[in-house]
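# Tertiary structure, described
Next come the chains, spelled out residue by residue.
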2 protein chains.
Amino acid sequence: MTVVEQLTAVLGDLVDTDAAALEAARADRSGHAAPGRPLAIVHAETVGHVQHTLRIATATRTPVVVRGAGTGLAGAANAGDGTIVLSTARMTAILEVRADDLLAVVEPGILNADLDRALAPHGVWWAPDPASREISTVGGNIATGAGGLLCAKYGVVRDAVLGVDIVLADGRLLHLGHRSVKGVTGLDLTALVIGSEGTLGVIVGATLKLRRRTPGAVCTLAATFPDVRAAAAASAAVTAAGIQPAIMELMDAASLRAVHALLRLPAPAPGTAQLTIQTDGPAAAADADAIAAVLRTHGGSTTVTHDPDEGERLLAIRRSMHAAMASLGTTLIEDVAVPRSAMPVMFDEIARIERRYGLSIPTVAHAGDGNLHPNFIFEGSDTPDVVWRAADELFRAAIALGGTLTGEHGIGTLKSRWLAEELGDDQWELQRQIARVFDPLGLLNPGKVFADRA
Amino acid sequence: MTVVEQLTAVLGDLVDTDAAALEAARADRSGHAAPGRPLAIVHAETVGHVQHTLRIATATRTPVVVRGAGTGLAGAANAGDGTIVLSTARMTAILEVRADDLLAVVEPGILNADLDRALAPHGVWWAPDPASREISTVGGNIATGAGGLLCAKYGVVRDAVLGVDIVLADGRLLHLGHRSVKGVTGLDLTALVIGSEGTLGVIVGATLKLRRRTPGAVCTLAATFPDVRAAAAASAAVTAAGIQPAIMELMDAASLRAVHALLRLPAPAPGTAQLTIQTDGPAAAADADAIAAVLRTHGGSTTVTHDPDEGERLLAIRRSMHAAMASLGTTLIEDVAVPRSAMPVMFDEIARIERRYGLSIPTVAHAGDGNLHPNFIFEGSDTPDVVWRAADELFRAAIALGGTLTGEHGIGTLKSRWLAEELGDDQWELQRQIARVFDPLGLLNPGKVFADRA
């Protein structure tokens, strides 16, 4: 029997070989696609289905690509020739909510925003909020170690997971972590699985650490600056002043101009960059006033609103970034992170790289945590070599500043050639050996993360 | 040449074979000692000294026990026959403080309290606060994944480390993590090293995530309850009510009685248990009032003070616990953690185990995060078998409640026989294989954590 026949014999209708579905599984939201086409998609509905699939994969030495909603931006869930796509998108149950213990137990396929809406009546909050939260799964959030807009104040997904259940490549189920908020029993494999991008095991359940819903109103500020360096310096000064906004987003001039064009707003003055900041909690108003004062001393023109609708209107400009970039051409979204004080220098480096390679690199940043998203724009579906060379310099600049080549999107296929550069050869090899302990045959997401070095 | 001669040839006076020093290195603060005596202590002062020591250890296949201040409570730093003790206690430098980026770079031997005092003039705070903070090192804090009194609100050490530098058993130096607050580049080996108890590598440096110093006053509450179950239920109700104290400590009747006797305070009424709670930040007073109301509805008699000195006097009762236990006999301090709502049931289990084995098990708890420290008291230096049997039941009860056998002290030697019980055989074996990737010859802390199973 072929692999697909073996899968179908055990899993029946859950095995999907529809041509359009297979085609869709080749790509994620990065716009990049794996070469070739997968053998089949298994739409797992239970842990048992995941175990059956992996046992067949191991017996037949067939590579497996785990997929949630396919909203990744680094190619980690792109499924190519000869692979089984193992989808956990149908495993959407919320198994338990304990508001008193601030925890929930969920299946991996539930969407981040759906989970949070289900928690709201309990007075608790699933804080991790990738921009994709309405369309991305909790399992994918964990597998990529994703961030979001609120994470400077409320942490990333790594801070919000008490335990994960994973199925290993050979079909064994492991329960990692525990339900208590503290615990140091052996090595922290839960932390190791977070951000492992499908290379260690298949996440089939998670015990999540919740927060109380934040009471009180929010305040929203928008501030414009004559250039991006001033905006970056102002945002770093907010952090250095000891004020903690919930959201602090920076848009450079090219980004702001593109969004204004998309939304048919008046064009900003040339060079104008913008910070959009939101404060929350009992001190929201006082924090907003203190932040506005810092921004003004750094040359910002500020608008503050206590009206939630007006605040959403201000934030909508930032939220339209992805659409605005897509309107300009094919986009390669990068994701470097640097210490917050290094943001002005990082923007200088981006400007230098733009000049050197004759490129425009519109950049937005989660300025509260030093995470920048430079966007390379080009025509057609193949990333031009000049873009890769410019990206290469961008990564080196971030690493030289004490940062990293990916703050929240992951390595996937798109950054694997730079992984050893950041880790060093010794750590790269050590990490690959650790992955082999989980997956000795190398069947889980082969060619991702630890692909051969450039 | 012998191993000691080889060490001395390279490291000279840093190699210590003084009999009293070797004897002291056999034990930590658990009161338990390793059998036999180590070969020598190397007092490393630089990363290079650590690398030299480990290269000789690897060449001669000599086991190495890393030691900071020796304040551990699980035996992980106890050095027995034939081992080299590698002490990082002299590596105390603060290499960098960046208040704007909320980070510091330090050597591992600096004491937690010394670091925090050095940070105070910069307006930043090293929040992890094990009870041993005046005498324990930052490196030991990281190596054990320690907790403390404030961690329900301000996190454990795991939440406060951006990166670690480690030397592998073969002498290679690896830089794990980065200086940016976000980063998902490859597997999170920083998280894996935190709490690894000297089994993966020697921590020779750390990049720490600091907090702003909390402005404003603190409020302190003490509340007595007719029995420990009521106190436990009241503390769980505080968490469930969505109020976050900075400190919430519970003492059962036997603990409270022993401390009152030690401090020559009037004896509490039989059965009386106590909660000691501190709130901080701008809402300290309002939070304290809200907490007092919750405690009273659960049968508590409350005292609230806004006076810092009076607050310290109330907390001194809790801080005298260790001395009070020592005055009763030899102590085996346990460290189970459970979900907060399970604390009343866990106290029921402790009472049942006391009755079954005819033991008194005075227990204190970091009630804000469900971490209990049951103290077994006995005569002499050898832990009686009945204590091990009672401890065995205690661990099983905690695990059955979704908890763990160690919340903050670690596995070391004292809990290694129960590790597989909590992890399951498959995960236990996987963890041991991961340790072997770092340390293929098994030279780092052999017989600790992954010792043979019971």
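Residues numbered from 1 in each chain as written. Chains lettered and ligands numbered in written order. Predicted model: local features only at pLDDT ≥ 70, side-chain atom pairs only at ≥ 80, totals over all residues. Heavy atoms only, no water.

## A look at the nonpolar core
In terms of nonpolar packing, the biggest core is built from 182 residues, with Ile434(A) and Ile434(B) touching the most fellow members. Not counting residues within four places of it along the chain, the set of residues in contact with Ile434(B) comprises Leu187(A), Leu189(A), Leu192(A), Ile434(A), Val437(A), Phe438(A) and Leu192(B). (Core = buried A, V, L, I, M, F, W, Y, C linked by side-chain atoms within 4.5 Å. Buried < 20%, exposed > 50% of the residue type's maximum accessible area, 1.4 Å probe, protein only. Contact = heavy atoms within 4.5 Å.)

## Examining the interface of chain B and chain A
Taken together, the 70 residues of chain B in the interface contact 70 residues of chain A. Taking both sides of the interface into account, the surface hidden between chain B and chain A amounts to around 5,500 Å²; carbon and sulfur atoms contribute 61%. Together, Lys182(B), Val184(B) and Leu187(B) form the three largest contributors to the area buried by chain B at its contact with chain A, with a combined 16%. Taken together, chain B and chain A are joined by eight salt bridges. The closest approach of N and O atoms between Lys182(B) and Asp369(A), which form a salt bridge, is 3.7 Å. Taken together, the connections running from chain B to chain A amount to 32 residue pairs in polar contact (both at pLDDT 80 or more). (Buried area = accessible area lost by both parts, 1.4 Å probe. Salt bridge = Lys/Arg side-chain N within 4 Å of Asp/Glu carboxyl O. Polar contact = N/O pair within 3.5 Å; in protein donor to acceptor, adjacent residues only side chain to side chain.)

## Some details on the domain arrangement of chain A
All names here are of chain A. Split into domains, chain A comes out as domain 1 (3-87), domain 2 (94-212), domain 3 (218-400) and domain 4 (416-454). Using C-alpha coordinates to define each centre, domain 2 is positioned 28 Å away from domain 3. Each partner contributes residues to the interface: domain 2 has seven residues there, and domain 3 has eleven residues. In this assembly, domain 2 packs against domain 3 so that about 790 Å² is buried in total across both faces, 56% of it on carbon and sulfur atoms. Among the residues of domain 2 in contact with domain 3, Leu 149, Ala 152 and Lys 153 are the three that bury the most area, contributing 73% of the side total. Put simply, domain 2 and domain 3 have one salt bridge between them. Note that Lys 153 is salt-bridged to Asp 280, the shortest N-O span being 2.7 Å. Scanning the region where domain 2 abuts domain 3 turns up two residue pairs in polar contact (both at pLDDT 80 or more). Residues of the side of domain 2 that touches domain 3, tallied by class, amount to five nonpolar, one polar and one charged. (Domains from an automatic or database assignment. Nonpolar A, V, L, I, M, F, W, Y, C, P; charged D, E, K, R; others polar.)

## A word on helix 8 (residues 228-240) of chain B
The end-to-end C-alpha distance of helix 8 of chain B is 18 Å, a good match for the 18 Å that 13 residues give at a rise of 1.5 Å each. For helix 8 of chain B, the complete set of buried residues consists of Ala230(B), Ala231(B), Ala232(B), Ala234(B), Ser235(B), Ala236(B), Ala237(B), Val238(B) and Thr239(B). Buried-residue contacts for helix 8 of chain B involve strand 11 (211-212) of chain A together with strand 12 (219-225), strand 13 (247-251), strand 14 (273-279), helix 10 (284-297) and helix 13 (343-357) of chain B. The N-cap residue of helix 8 of chain B is Asp227(B): its side-chain oxygen and the backbone nitrogen of Arg229(B) are 3.1 Å apart. (Helix = DSSP H or I, 4+ residues; strand = E, 2+ residues; numbered from the N terminus. Expected span 1.5 Å × (residues − 1).)

## So, the sheet that holds strand 17 (residues 363-366) of chain A
Strand pairing in a sheet takes place through backbone hydrogen bonds and is either antiparallel or parallel in direction. All names here are of chain A. Pairing in this open sheet of seven strands is antiparallel, and the strands run 15-12-14-13-17-18-16 from one edge to the other. The strands lining the two open edges of the sheet, one partner per strand, are strand 15 (301-305) and strand 16 (330-333). Here the average twist between neighbouring strands, direction ignored, is 15°. Sheet topology note: the strand 17/strand 18 (residues 371-378) ladder contains four bridges and is antiparallel. For Thr 363, the partnering residue across the bridge sits in strand 18 and is Pro 374. Against the sheet, helix 9 (residues 253-262) contacts strand 13 (247-251), strand 14 (273-279) and strand 17, and its axis sits at roughly 90° relative to strand 13. Relative to the sheet, helix 14 (residues 385-400) contacts strand 16 and strand 18, its axis offset from that of strand 18 by approximately 165°. (Pairing = 2+ DSSP bridges. Axes fitted to C-alpha atoms, helices over the stretch in contact; angles between N-to-C directions.)

## Section: the environment of Gly80(A)
Residue and element names in this part refer to chain A. Looking at the element boundaries, Gly 80 is found in the loop between strand 3 (64-67) and strand 4 (84-87). We classify Gly 80 as buried; its relative accessible area is 10%. The sequence separation of Gly 80 and Ala 390 amounts to 310 residues, and the corresponding C-alpha distance is 27 Å.

## A look at the relation of the copies chain B and chain A
Note on the copies: chain B fits chain A at an RMSD of 0.0 Å, the axial shift is 0.0 Å, and the rotation between them is 180°. Both copies are brought into coincidence by an operation consistent with a two-fold rotation axis. A symmetric contact is evident, with 100% of the interface residues of chain B recurring at the interface of chain A. (Least-squares fit on C-alpha atoms with pLDDT ≥ 70 in both.)

## A closer look at the packing of aromatic side chains
Here the distance between the centres and the angle between the planes together describe a pair of aromatic rings. All names here are of chain A. Scanning the model with the defined rule gives eight aromatic pairs over all chains in all. Look at Phe 395 and Trp 418: their rings are 4.7 Å apart centre to centre, the planes differ by 70°, and that puts the pair in the edge-to-face class. With Phe 395 in helix 14 and Trp 418 in helix 15 (residues 416-423), this residue pair connects regions lying 23 residues apart in the sequence. A relative accessible area of 4% places Trp 418 in the buried class. Measuring from centroid to centroid gives 6.3 Å for Trp 428 and Phe 450, while their planes differ by 80°, and the two rings are edge-to-face. Within this pair, whereas Trp 428 is found in helix 16 (residues 425-438), its partner Phe 450 is found in the segment after helix 16, the two being separated by 22 residues in sequence. For the pair Trp 428 and Phe 450, one class covers both residues: buried. Here the aromatic cluster, defined as three or more aromatic residues joined through ring pairs, consists of Trp 388, Phe 395 and Trp 418. We note Arg 417 situated over the ring of Trp 388; from NZ or CZ to the ring centre the distance is 4.4 Å. (Phe/Tyr/Trp six-rings, centres within 6.5 Å; stacked < 30°, edge-to-face > 60°. Lys NZ or Arg CZ within 6 Å of the ring centre and 35° of its normal.)

## What to know about the side chain of Thr404(B)
Checked against the element boundaries, Thr404(B) lands in the loop between helix 14 (385-400) and helix 15 (416-423). Accessibility expressed as a relative area gives 0% for Thr404(B), which makes it buried. One polar contact links Thr404(B) to Glu422(B), side chain to side chain, over a distance of 2.8 Å. Excluding anything up to four places from it in sequence, Thr404(B) contacts His178(A), Ser180(A), Lys182(A), Gly183(A), Thr185(A), Val336(B), Ala337(B), Ala398(B) and Glu422(B).

## Quick word on the packing of helix 15 of chain B against helix 16 (residues 425-438) of chain B
For any two helices packed against each other, the geometry is given by the interaxial angle and the distance between the axes. Residues and elements named next belong to chain B. Where helix 15 contacts helix 16, the two axes come as close as 6 Å, and the packing angle between them is 120°. Comparing the axis directions of helix 15 and helix 16 gives the class oblique. In the crossing of helix 15 with helix 16, the sense of the turn from one axis to the other is right-handed. Within the contact between the two elements, helix 15 uses Leu 419, Ala 420 and Leu 423 and helix 16 uses Asp 425, Gln 427, Trp 428 and Gln 431. The residue inventory of the contact of helix 15 with helix 16, partitioned by class, reads four nonpolar, two polar and one charged. (Parallel < 35°, antiparallel > 145°, perpendicular 65-115°, else oblique. Left-handed = near helix turned anticlockwise from the far one by under 90°.)

## Describing the sheet that holds strand 6 (residues 103-106) of chain A
Residues and elements named next belong to chain A. Strand order in this open sheet of five strands is 5-6-10-8-9, and the pairing throughout is antiparallel. One side of each edge strand has no neighbouring strand; the edge strands of this open sheet are strand 5 (94-98) and strand 9 (173-177). Averaged over neighbouring strand pairs, the angle between their axes works out to 10° when direction is ignored. Bridge analysis of strand 6 against strand 10 (residues 202-209) gives four bridges, and the strand direction is antiparallel. Directly across from Val 106, in strand 10, lies its bridge partner Ala 206. Across the sheet, helix 4 (residues 112-119) touches strand 5, strand 6 and strand 10, and the angle it forms with strand 5 is around 45°.

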